[in-house]
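Read off the chains here:
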Amino acid sequence: MATLRLANLVNRVPFRHGINSYKMSTLLRAAMSQSAVEVEKIRNIGISAHIDSGKTTLTERILFYTGRIGEMHEVRGKDNVGATMDFMDLERQRGITIQSAATFTNWNGININIIDTPGHVDFTMEVERALRVLDSAVLVLCGVGGVQSQTLTVDRQMKRYQVPCIAFINKLDRMGANPERVVLQLRSKLRHNAALVHLPIGLENDFKGIIDIISKKAIYFEGALGTQIVEKEIPSDFVDITNKKRQELIEAVANVDEELGEKFLEDAELSTDDIIAAIRRSTLKKTFTPVLLGSALKNKGVQSLLDSVVTYLPNPSEVENFALDPDDNENKVLMHPSRSDDHPFIGLAFKLEAGRFGQLTYMRIYQGHLKRGGFIVNVRTGKRLKIPRLVRMHSNEMQDIQEAFAGDICALFGVDCSSGDTFVAEGSRTLSMESMFVPDPVISLAIKPSNKNDIGQFSKAIHRFCKEDPTFKVHFDDESKETIISGMGELHLEIYSERIRTEYNCPCETGKPKVAFRETISAVAKFDYLHKKQSGGAGQFGRVIGEIQPLTEDQLTSVEFSDETVGMNIPKNFIPAIEKGFRDICETGIISGHKIIGVKIVLKDGTSHAVDSSELAFRLAGKGAMRQVFPRASPIILEPIMLVEISAPEEYRGSVLTSMSRRRGVITGSDSAEGYFYLFAEVPLNDMFGYATELRSATQGKGEFVMEYKKYAPVTPQLQDTLVKQFEEERLRKAKK
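So, a few notes on the structure that sits alongside this text. Not measured: the values here are computed from a predicted model. (Residues numbered from 1 in each chain as written. Predicted model: local features only at pLDDT ≥ 70, side-chain atom pairs only at ≥ 80, totals over all residues. Heavy atoms only, no water.)

**Let's talk about the overall build of the chain**
Part 1 of the argument: From N to C terminus, the chain includes 18 helices and 39 strands.
Part 2 of the argument: Against the compact-globule benchmark of 27 Å for 737 residues, the chain has a radius of gyration of 29 Å, which places it among compact chains.
Part 3 of the argument: Its C-alpha atoms give the chain principal-axis dimensions of about 105 × 65 × 65 Å.
Part 4 of the argument: Here the chain, with 737 residues, has 55% of them falling under the buried criterion.
Part 5 of the argument: Once the 93 positive and 97 negative side-chain charges of the chain are each reduced to a mean point, those two points are 5 Å apart. (Helix = DSSP H or I, 4+ residues; strand = E, 2+ residues; numbered from the N terminus. Rg over C-alpha atoms; globule rule 2.2 N^0.38 Å. Buried < 20%, exposed > 50% of the residue type's maximum accessible area, 1.4 Å probe, protein only. Lys, Arg positive; Asp, Glu negative; His and termini not counted. Charge placed at Lys NZ, Arg CZ, Asp CG, Glu CD.)

**A short note on helix α7 (residues 179-188)**
Part 1 of the argument: Along α7, the residues classified as buried are Pro179, Arg181, Val182, Val183, Gln185 and Leu186.
Part 2 of the argument: On the buried face of α7, the contacting elements are β5 (136-142), β6 (165-170), β7 (194-196), β8 (198-201), β12 (289-293) and β37 (666-673). (Contact = heavy atoms within 4.5 Å.)

**Description of the sheet that holds strand β25 (residues 432-433)**
Part 1 of the argument: Strand order across the open sheet formed by 3 strands is β14-β13-β25, with antiparallel pairing between neighbours. Every interior strand has two partners, whereas the edge strands, β14 (331-334) and β25, have only one.
Part 2 of the argument: Where strand β13 (residues 322-325) and β14 come together, 4 bridges link them in antiparallel fashion. The residue of β14 that forms the bridge with Leu324 is Lys332. (Pairing = 2+ DSSP bridges.)

**A few points about the packing of aromatic side chains**
Aromatic rings in a pair are described by how distant their centres are and how their planes are angled relative to each other.
Part 1 of the argument: One pass over the structure, following the stated rule, counts 11 aromatic pairs.
Part 2 of the argument: Ring centres of Phe472 and Tyr496 lie 4.4 Å apart, and the angle between their planes is 35 degrees; on these two criteria the pair is classed as tilted. Of the two residues, Phe472 sits in the loop between α12 (455-468) and β27 (473-477) while Tyr496 sits in helix α13 (residues 490-504), which places them 24 residues apart along the sequence. Comparing Phe472 with Tyr496 shows no difference in burial state: the two are buried.
Part 3 of the argument: Grouping aromatic residues by their ring pairs yields a cluster made of Phe465, Phe472, Tyr496 and Tyr504.
Part 4 of the argument: The ring centre of Phe322 lies 5.6 Å from the NZ or CZ of Lys332, which sits over that ring.
Part 5 of the argument: Against the face of Phe375 rests Arg384, its NZ or CZ located 3.7 Å from the ring centre. (Phe/Tyr/Trp six-rings, centres within 6.5 Å; stacked < 30°, edge-to-face > 60°. Lys NZ or Arg CZ within 6 Å of the ring centre and 35° of its normal.)

**Comments concerning the packing of helix α5 (residues 124-133) against helix α6 (residues 149-160)**
Describing two packed helices takes the angle between their axes plus the distance from one axis to the other.
Part 1 of the argument: It is the contact of α5 with α6, at a shortest axis distance of 9 Å, that shows an interaxial angle of 30 degrees. Relative to α6, the element α5 is oriented roughly parallel. The hand of the α5/α6 crossing is right-handed. For the pair α5 and α6, the contacting residues are Thr124, Val127, Glu128 and Leu131 in the first and Gln150, Thr153, Val154, Gln157, Met158 and Arg160 in the second.
Part 2 of the argument: Looking at the contact of α5 with α6 residue by residue, the class counts come to 4 nonpolar, 4 polar and 2 charged. (Axes fitted to C-alpha atoms, helices over the stretch in contact; angles between N-to-C directions. Parallel < 35°, antiparallel > 145°, perpendicular 65-115°, else oblique. Left-handed = near helix turned anticlockwise from the far one by under 90°. Nonpolar A, V, L, I, M, F, W, Y, C, P; charged D, E, K, R; others polar.)

**As for the pairing of strand β4 (residues 110-116)**
Part 1 of the argument: Of all the 7 residues making up β4, 7 are buried; the element is thus mostly covered by neighbouring parts of the structure.
Part 2 of the argument: The alternating pattern of β4 places Ile110, Ile112, Ile114 and Asp116 and Asn111, Asn113 and Ile115 on opposite faces, both of which are buried.
Part 3 of the argument: Two strands pair when backbone bridges link them, and strand β2 (residues 42-49) and β4 are joined in this way by 6 bridges, in the parallel orientation. Residue pairing across strands places Gly46 opposite Ile115, the latter belonging to β4.
Part 4 of the argument: As paired strands, strand β3 (residues 101-107) and β4 are joined by 7 bridges and run antiparallel to one another. The residue of β4 that forms the bridge with Ala102 is Ile115.
Part 5 of the argument: The hairpin formed by β3 and β4 contains 2 residues between the paired strands, and Asn108 there has a positive phi angle of roughly 55 degrees.

**Remarks on the state of the cysteines**
Part 1 of the argument: Across all of its chains, the model carries 0 disulfides by this definition.
Part 2 of the argument: Just so you know, Cys410 is unpaired, no disulfide at all, and the nearest cysteine sulfur is the one on Cys417, 12 Å from it.
Part 3 of the argument: Residue classification places Cys410 among the buried residues on the basis of a relative accessible area of 1%. (Disulfide = S-S within 2.5 Å.)

**Notes on the pairing of β8**
Part 1 of the argument: Taking every second residue as pointing to the same face, both faces of β8 are buried, with His198 and Pro200 on one and Leu199 and Ile201 on the other.
Part 2 of the argument: For β8 and strand β9 (residues 209-212), the ladder comprises 4 bridges, and the chain directions are antiparallel. Within the sheet, the bridge partner assigned to Pro200 lies in β9 and is Ile210.

**Let's talk about the pattern of salt bridges**
Part 1 of the argument: Taken as a whole and assessed by the stated rule, the structure comprises 43 salt bridges.
Part 2 of the argument: Measuring nitrogen to oxygen at the nearest pair gives 3.2 Å for the salt bridge that ties Lys263 to Asp274. On the criterion of sequence distance, the pair formed by Lys263 in helix α9 (residues 258-265) and Asp274 in helix α10 (residues 272-284) is long-range, its members being 11 residues apart.
Part 3 of the argument: Taking the relative accessible area as the measure of exposure, Lys263 reaches 26% and is therefore partly exposed.
Part 4 of the argument: Between Lys526 and Glu547 there is a salt bridge, and its shortest N-O distance comes to 3.1 Å. Of this pair, Lys526 sits in strand β32 (residues 525-533) while Glu547 sits in strand β33 (residues 540-550); the two residues are 21 residues apart in sequence, bridging distant segments of the chain.
Part 5 of the argument: According to the relative accessible area criterion, Lys526 is exposed, its value standing at 56%.
Part 6 of the argument: Here the salt bridges do not stand alone but share partners, grouping Glu126, Arg129, Lys351 and Glu353 into one network. (Salt bridge = Lys/Arg side-chain N within 4 Å of Asp/Glu carboxyl O.)

**Notes on the nonpolar core**
Part 1 of the argument: The biggest cluster of nonpolar side chains holds 106 residues, and the ones touching the most others in it are Leu58, Ile112, Val138, Leu249 and Ile279.
Part 2 of the argument: When sequence neighbours within four positions are dropped, the list of residues in contact with Val138 reads Ile45, Gly46, Ile47, Ser48, Ile166, Phe168, Leu305 and Val309.
Part 3 of the argument: Within the second largest apolar cluster, 64 residues are counted, among which are Ile570, Val656, Ala681 and Tyr691. (Core = buried A, V, L, I, M, F, W, Y, C linked by side-chain atoms within 4.5 Å.)

**Brief notes about the sheet that holds β5**
Part 1 of the argument: Read from one edge of the open sheet, 7 strands run β3-β4-β2-β5-β6-β12-β7, paired in mixed fashion. Every other strand in the sheet has two partners, leaving β3 and β7 as the edge strands with one partner each. Within this sheet the neighbouring strands show an average axis-to-axis angle of 25 degrees, counted without direction.
Part 2 of the argument: Two elements, β7 and β12, share 3 bridges in a ladder whose sense is parallel. From the neighbouring strand, Leu196 faces β12, where its bridge partner is Val291.
Part 3 of the argument: Where α6 meets the sheet, its contacts fall on β2, β5 and β6, and the angle it forms with β5 comes to roughly 165 degrees.

**Side note on the environment of Ile62**
Part 1 of the argument: Looking at the secondary structure, you find Ile62 in helix α3 (residues 55-65).
Part 2 of the argument: With sequence-adjacent residues up to four places away left out, Ile62 is seen in contact with Ile47, Ile114, Val302 and Leu306.

Functional significance is not addressed by these values, which are geometric in nature.
So this is what it looks like as structure tokens:
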């Protein structure tokens, strides 16, 4: 006899369909009041995945089934409303997530703070800072695409911040969906000890529901919106496969959980509670990844995912967070997660946003409690700040709150700070939270306002975006007299250029993106340079002797300076000036005008003058020595090499391979599944401009590609000659002016 278990939405959160008529119930508000929530009843999760895996659609369903919103909308919906978490106009126009968005909801009495993150590699910083402050994550995988290039990047970010996760294989209603293959990829590509906790009842158009392997129940999501959860006995033709997969699940967990392993070896009867407890323990230790199934678009499996978030993922007290004590050699100090004011407040500002009422600062509280009207101190600047307004975010909507406690994610108005700043209570120890990893920009673009009268708006926009996004860099090139913006990819810079136009009414002109070439050497060369200048009165005198050496490939992005002088031929107080001279030249380059990397400067000897030697003289000597020796050390120019993953229908394989070889791509691997092929290649960034248009043309709009920075490698001799010649011509042209 089937057991009907309704989702209890109407009883728990009364609403009428229609976004205008929706009101959050008093019950839900009470459940979400900050002070009433115990730390065990909080989950801070991120939704992360490769682009177009269904993250935002999944978040929309989560908000609907938990009663947070009254009506579901699609990312590219025909009603032109768009998903709740994609609130920017550009996001709704393009159908992609550009910036992370925070919200909060409640499921069965558990408060869940959610951050929906972008999937595109160009916005990887949004994922980086979200995972930095979250306790756990849901790794969403496409049932057809499986583990893709950005999945690898997200997985590395989770491991960097030691974030436990559960996996959710989405889009099982799509043609070619194969969850078994995705699990194998989780094991082989990501090295996860992963196993299914669900089985699909049918796939593609026949996807009807899921089987809970642990409880041995078939679960169907009925009704127009999937709100009626019906539990039945497992269909007879699925009994054998369920028992087999249950045994696989138990073995995978028993291998990493000592308690379950002992019972397994003793052939003891394993209850449902035993298995669930073991999965939770091993998930928290990051030794096992439970894999759940569903289709967010078809409203299947989302409630089971929410149950798993509550069951398997940690609350803030189960995650160890540390601050650094600068007064004690930066030793780590463990944060206390208790939701009280027994310990002084410590919080991290992880994201900035320009709101309607000024700068909005997103903050994760790690210890103590924060109160509206209270005072906090910015550790970096030492400034004492008052909190005029404290809110919780639901996408771009705000709910005012009076206080927030450890484990909460909130937002502050009127607090001047930068992304990554740590705040502490007034009068407490000046501890600092561990910083976020900020990847280096890989592409640059010359930009200027179309109308000179808009320079004020242009400057305001650039200043705001630099403050909000650490991967968006701006500098003024004194030689070219151009404003140069740098970022993580073409789309990244294109989006910011578009935002300057739409948000600040300032149309911009952009030039071809400038690739971040670098100069280095391939041989050891010695230098002996004398800087001598006499012009009446005290002159300038400094002689430096030494050599420059190429660094190994793993140190290629750094510049090292080593002082190996003996005696007092060069007084020690002049050594920093010599190093400064060398490093100044490394910033401007010599043969092509690009930065010098991968060199080690070894200072062995020199000569000084009792009267004429000075810091300026030795700094100029360092510059002159670098200019003298660099051309003799077999200089080479390096270019960034990108890891490119292309997916397209099989019939276009030949066209894609031809386009890759034309762009000097080195094929590193390929895969195929269900009529699609996946090509992996390493391609110079300089040859990837405009490839999106070419790929769309070659595959009738069906091909997609993503890329991320891999390494630096030498350019071809022809390109090196061209770059050197262009630099010389530009220098001569400026000299004539």
